[in-house]
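Architecture at a glance
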Amino acid sequence: MDVILVTGQCLSNQRVLLLQLRNSLTFDSSISTKLVQWNQTTDCCRWNGVNCDYAGQVIGLDLSSESISGGIDNSSSLFSLRSLHRLNLASNNFDFAQLPPEFGKLTSLTYLNLSESGFAGKIPSEFSQMTRLMTLDLSTSFYSLELENPNLKMLIQDLTELRELYLDGVNISAQGYEWCHSISSSLPHLQVLSMSNCYLSGPFDSSLLKLRSLSVVRLDGNPLFSSIPEFFTNFSNLTVLSLSSCDLLGAFPNKIFQVPTLHTLDLSNNRLLEGSLPEFPENGSFQNLVLSYTKFFGRLPLSIGSLGLLSMIEIRSCNFSGPIPYSLASLTHLVSLDFSSNNFNGSIPSFSLSKNLTEINLYNNCLTGGIPFSNWEHLENLVFLDLSYNFLSGNIPAPLFFLPLLKVMYLSNNRFSGRISEFAIKISNLLGLEVIDLSSNSLEGQVPKFLFQIQALASLSLSSNNFEGMIELQIFENLKNLVDLDLSYNNLLVSARDSNSAFSLLPQFTTLRLASCKLQELPDLKNQSRLMTLDLSDNQLHGEIPNWIWELGNGQLRFVNLSHNLFSNLQEPYVFHRHDYIDLHSNVLHGEIPIPPRSAAYIDYSSNNFSSSIPADIGNHLPSAFFLSISNNKLTGIIPGSICNASRLEVLDLSNNFLHGTVPSCLIEKNSTLKVLNLTGNNITESKGTPFQQKFQPGQNARVSAINI
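Residues numbered from 1 in each chain as written. Predicted model: local features only at pLDDT ≥ 70, side-chain atom pairs only at ≥ 80, totals over all residues. Heavy atoms only, no water.

So, on to the overall build of the protein chain. Scanning the protein chain from terminus to terminus reveals five helices and 50 strands. Over its C-alpha atoms the protein chain spans a radius of gyration of 33 Å, topping by over 25% the 27 Å that the globule rule assigns to 709 residues. A burial count over the protein chain gives 53% of its 709 residues as buried. Across the protein chain, the fraction of contacts at a sequence separation of at least 24, relative to all contacts at a separation of at least 6, is 57%. (Helix = DSSP H or I, 4+ residues; strand = E, 2+ residues; numbered from the N terminus. Rg over C-alpha atoms; globule rule 2.2 N^0.38 Å. Buried < 20%, exposed > 50% of the residue type's maximum accessible area, 1.4 Å probe, protein only. Contact = heavy atoms within 4.5 Å.)

A word on the sheet that holds strand 49 (residues 683–685). Pairing within the open sheet is parallel, and its three strands lie in the order 45-47-49. Either end of the sheet is taken by a strand with one partner, and the two such strands are strand 45 (636–637) and strand 49. Note: strand 47 (residues 658–662) against strand 49, three bridges, orientation parallel. Following the sheet pairing, Thr662 is matched in strand 49 by Thr685. (Pairing = 2+ DSSP bridges.)

A few words on the UniProt feature "domain: Leucine-rich repeat-containing N-terminal plant-type" (unreviewed entry) in the protein chain. Per the UniProt entry, the sites bearing "domain: Leucine-rich repeat-containing N-terminal plant-type" (unreviewed entry) are residues 12–53 in this numbering. What you have in residues 12–53 is 31% helix and 12% strand, and the ends, taken at the C-alpha atoms, are 14 Å apart. (UniProt positions renumbered as here; feature names shortened; annotations may be inferred.)

With that out of the way, let us pick up a nonpolar patch on the surface. Together, Phe225, Leu249 and Leu272 make up a nonpolar patch on the protein surface, roughly 300 Å² of accessible area in all. Mapped onto the secondary structure, Leu272 falls in strand 16 (residues 272–275). (Patch = residues over 30% accessible without salt bridge, like charges linked within 9 Å, V, L, I, M, F, W, Y side chains within 5 Å. Areas by Shrake-Rupley, 256 points an atom, 1.4 Å probe, with all protein chains shown as cover. Salt bridge = Lys/Arg side-chain N within 4 Å of Asp/Glu carboxyl O.)

Before going further, it helps to spend a moment on the nonpolar core. Of all hydrophobic cores here, the largest spans 204 residues; its most connected members are Leu61, Phe103, Trp179, Trp376, Phe401 and Phe476. Of all the elements in the fold, those that place two or more residues in this core are helix 1 (12–24), strand 2 (50–52), strand 3 (58–62), helix 2 (152–156), helix 3 (176–186), strand 32 (466–472), strand 34 (491–495) and strand 39 (566–570). Among the elements that make up this core, the one with the highest residue count is helix 1 (four residues). In contact with Phe103, other than residues within four places in its own chain, are Phe79, Leu87, Leu89, Leu112, Leu114, Phe127 and Met130. (Core = buried A, V, L, I, M, F, W, Y, C linked by side-chain atoms within 4.5 Å.)

This next bit is on the sheet that holds strand 32. With parallel pairing, 11 strands are arranged side by side in an open sheet as 14-16-18-20-22-24-26-28-30-32-34. Looking at the sheet topology across the chains shown, the edges are occupied by strand 14 (249–251) and strand 34. Each adjacent strand pair in this sheet contributes to an overall mean axis angle of 15 degrees, direction not counted. (Axes fitted to C-alpha atoms, helices over the stretch in contact; angles between N-to-C directions.)

Assignment of secondary structure puts Ser215 in the loop between strand 11 (192–194) and strand 12 (216–218). A polar side-chain atom of Ser215 sits 3.2 Å from the main-chain carbonyl oxygen of Asn237. Apart from the residues lying within four places of it in its own chain, the contact partners of Ser215 are Gln191, Asn237, Leu238, Thr239 and Val240. (Polar contact = N/O pair within 3.5 Å; in protein donor to acceptor, adjacent residues only side chain to side chain.)

Here's what the structure looks like:
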């Protein structure tokens, strides 16, 4: 009697092998979507992740992203599934287990994906026995795999059917001639070559021209130290060329831009690579063009508007100049545009048809004119906008704040002026913006009230404008996500007059800057357990500096600026913690000099009434300090020799005190780090022996910019 198999009906031996495999694997059943559903009472060919042929043999197994952390070794039943054509174990975590050589027994495989699976160590030579492979992916971001013995040629020389090779993050460590010849002589049908971060070196070898089908080349992050050969234009199917962070040199061949099939070109982070953009052909294929952090220069051609499929263009920190072509306005597929840190001038394009834009970054250019909001109101997908550090002027249109998806808005360091008008809009439409920076402009009038209603707001900087009026600090108590607030240097009067309970409801700031805000009393910030930056300088604060200030942020406060006030003393007892920056200058503080914390890099106690001597061991407290000023006080005594232990000190200003004695010898040694030394207005004499000025003159030691004794 003939046995007729139902299509896709699982063979019993295949079911047994799969169940053995599941039982041997360690995985998280709360995350698993495949293994957790395998049920021996149902047809295994219908199990999630399993595919069978007509005879009931398992030919496909996809256990990717199953949180598998162990259970595959040489004895695994996996290697008894000899009919497997496709195997995917990607995105698991095998906890740096060794790759079993038994993979070599799966000789029917045409597709093997072990990317980001957590295997480690050397790739077994047995992998070369899977001669039917068309796709091999061993990519890892953990740099945990290596090709040492066998080398690249030994791995791939028998894999002649390969179409796609992904070895990203595998340590190959091969010279240009070696890896180019190994690939070109072994893989005649190769279409995808992806070997980023493999420790490959250059130069490119012309033997690669044998790979007539090559379409995708990704070699990012390899120290090639090479120029790019023009022969890449001969790859008639080339769609992706990605060579970022490869230490590329010389001039980039312009003809590569004109390869008709090329849709992605990434040359970013090659700071010695030069080039310019040619005229682009009509209906070019480019979708992604990334040239950031290179030496590309010149003007953007008007023909860039003919790249109708362009989705992303990033040319940050290059040397481009001239106007931004108006033809960009016709790019309907544009999603991300980054022209920051170049020398573009003229006005901002309208982007009127680019309704898919999510990012516009024009930071740090020479752009003029205003914001063409009438052409931007349809940018309903815009998430990120940076126009800072330009010469833009005019009003900031209030509707800009209400683009529905906008989260980040940087408009600082421009010439915007006038008032920001109030705008009648529902509170529900004020949920998106997280960052607003309007600092260093000439804006005036009242701070718009709608800013205090943006519930998602995390960072608000209005500093260095002409805003006026009074702001009660407790107005921010409803902005629970606010962590960064800067109202400094306006014509504002910030009031801290309220009950302690009101201040306990303020957001948990990490940065609070209220310099020059006419503060007359210290806000009660005792509840601020996350504060790392506090600037209350240039106000009208007086009395003693309370000791709780140094405890803010649970002792994690790094930056403290209380300068230009009327503080008279530090409340005892006080304990400095891990402060990096302490500025108390221009107060009326008296008594002994506070010993700075060992973490401090910048200490300014100048222009006070401190009248003690300099502590004998002060240098032992300055291992990290590069700036120390105690000038314009009433210090007495000598400069202690321990100052020699402040080995990083670049600026030392002890001028205008009552110090006497000689200059410590460490300050005149050639290995001293000092760049500025000011001891004028004291009774200091030069050190014994060779006159001080002969040993330490600016003309003889270029690192020194100023010496005053």
